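Given next are the chains, with one letter for each unit.
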Amino acid sequence: QSALTQPASVSGSPGQSITISCTGTSSDVGGYNYVSWYQQHPGKAPKLMIYEVSNRPSGVSNRFSGSKSGNTASLTISGLQAEDEADYYCSSYTSTSFSVFGTGTKVTVL
Amino acid sequence: EVQLVESGGGLVQPGGSLRLSCAASGFIFSRYSMNWVRQAPGKGPEWVSYISSSSDSIYYADSVKGRFTISRDNAKNSLYLQMNSLRDEDTAVYSCAFRGDIVVVPAATAFDYWGQGTLVTVSS
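These remarks concern the structure in this document. This one's a predicted model, so the numbers in the text were calculated from it and none came from an experiment.

Before going further, it helps to spend a moment on the interface of chain A and chain B. Listed by partner, the interface residues are 18 residues for chain A and 25 residues for chain B. Note on chain A versus chain B: buried area summed over both sides is about 1800 Å², and carbon and sulfur give 65% of it. The largest contributions to the chain A side of the interface with chain B come from A:Tyr34, A:Phe98 and A:Phe101, which together make up 34% of the buried area. Where chain A touches chain B, the interface holds 1 salt bridge. Across the pair A:Glu52 and B:Arg99 runs a salt bridge whose closest N-O atoms are separated by 3.3 Å. There are 4 residue pairs in polar contact (both at pLDDT 80 or more) connecting chain A and chain B. Looking at the side of chain A that touches chain B, the elements that each hand over two or more residues are strand S3 (35-40), strand S7 (86-93) and strand S8 (99-101) of chain A. Its residues assigned to classes, the side of chain A that touches chain B shows 10 nonpolar, 7 polar and 1 charged.

Residue and element names in this part refer to chain A. Across the sheet, 3 strands lie side by side as S2-S6-S5; this open sheet has antiparallel pairing. Strands with a single pairing partner mark the edges of an open sheet, and in this sheet they are strand S2 (18-23) and strand S5 (64-69). Taken over all neighbouring pairs, the strand axes of this sheet differ in orientation by 20° on average, direction set aside. Here 6 bridges tie S2 to strand S6 (residues 72-77), and the two strands are oriented antiparallel to one another. The residue bridging Thr 23 from the neighbouring strand is Thr 72, located in S6.

What follows deals with unusual backbone geometry. Residues and elements named next belong to chain B. For Asn 77, which is not glycine, the phi torsion reads 50° and is therefore positive. Relative to the assigned elements, Asn 77 resides in the loop between strand S7 (68-73) and strand S8 (78-83). Unlike most non-glycine residues, Ser 85 shows phi in positive territory, near 50°. The topology assignment puts Ser 85 in the loop between S8 and strand S9 (92-98).

Here is what the cut-offs are and how they apply
Residues numbered from 1 in each chain as written. Chains lettered and ligands numbered in written order. Predicted model: local features only at pLDDT ≥ 70, side-chain atom pairs only at ≥ 80, totals over all residues. Heavy atoms only, no water. Contact = heavy atoms within 4.5 Å. Buried area = accessible area lost by both parts, 1.4 Å probe. Salt bridge = Lys/Arg side-chain N within 4 Å of Asp/Glu carboxyl O. Polar contact = N/O pair within 3.5 Å; in protein donor to acceptor, adjacent residues only side chain to side chain. Helix = DSSP H or I, 4+ residues; strand = E, 2+ residues; numbered from the N terminus. Nonpolar A, V, L, I, M, F, W, Y, C, P; charged D, E, K, R; others polar. Pairing = 2+ DSSP bridges. Axes fitted to C-alpha atoms, helices over the stretch in contact; angles between N-to-C directions.

Printed below as a string of structure tokens:
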């Protein structure tokens, strides 16, 4: 099972919007609406930000939104803030095993 | 408050074995499926294994299939990972994680609870 493909880095200025892509196959991202997104700060456990493509857990800012088209899912962060600087990972249910994570994207706030 | 506390990590030689434990508290452990996820130094998370609430469904990543065995003891609120034939590339922090809702299996891939992990180092 190959990892889902994400850009290595994305950057933006405070207040701007950025979008992180997550590309898989029809066996994972494209075949099911079970894509999740995680935020991870250094030395911390991943934090669930989005589940089932576009749902936010309680307590997660509405500046975070998710979507999907075909084999590619996306996470958009609007109104970028300094605290959003972190690593972001997508994951998906996969019919070939159970779960697969993405390669990860480092978000830098300029 | 949900708590997941992993233990059992350490330094082991290639080809060796190790058994990890995850002690759960603050929720009804027997109702939820559980997972092991690992993160190698400087790398992203990698899902390792899944076990259903009653242990009747178990899945493994291809990278560990045939070498690792997941199990649980609902009476002890504990999750385990038996790791055999360890390789250098198994070096990572191993964490237990789960979805804190009763959902269909595919939806259980969204982990909203994580432990802090235990470090496994495979080196000669």
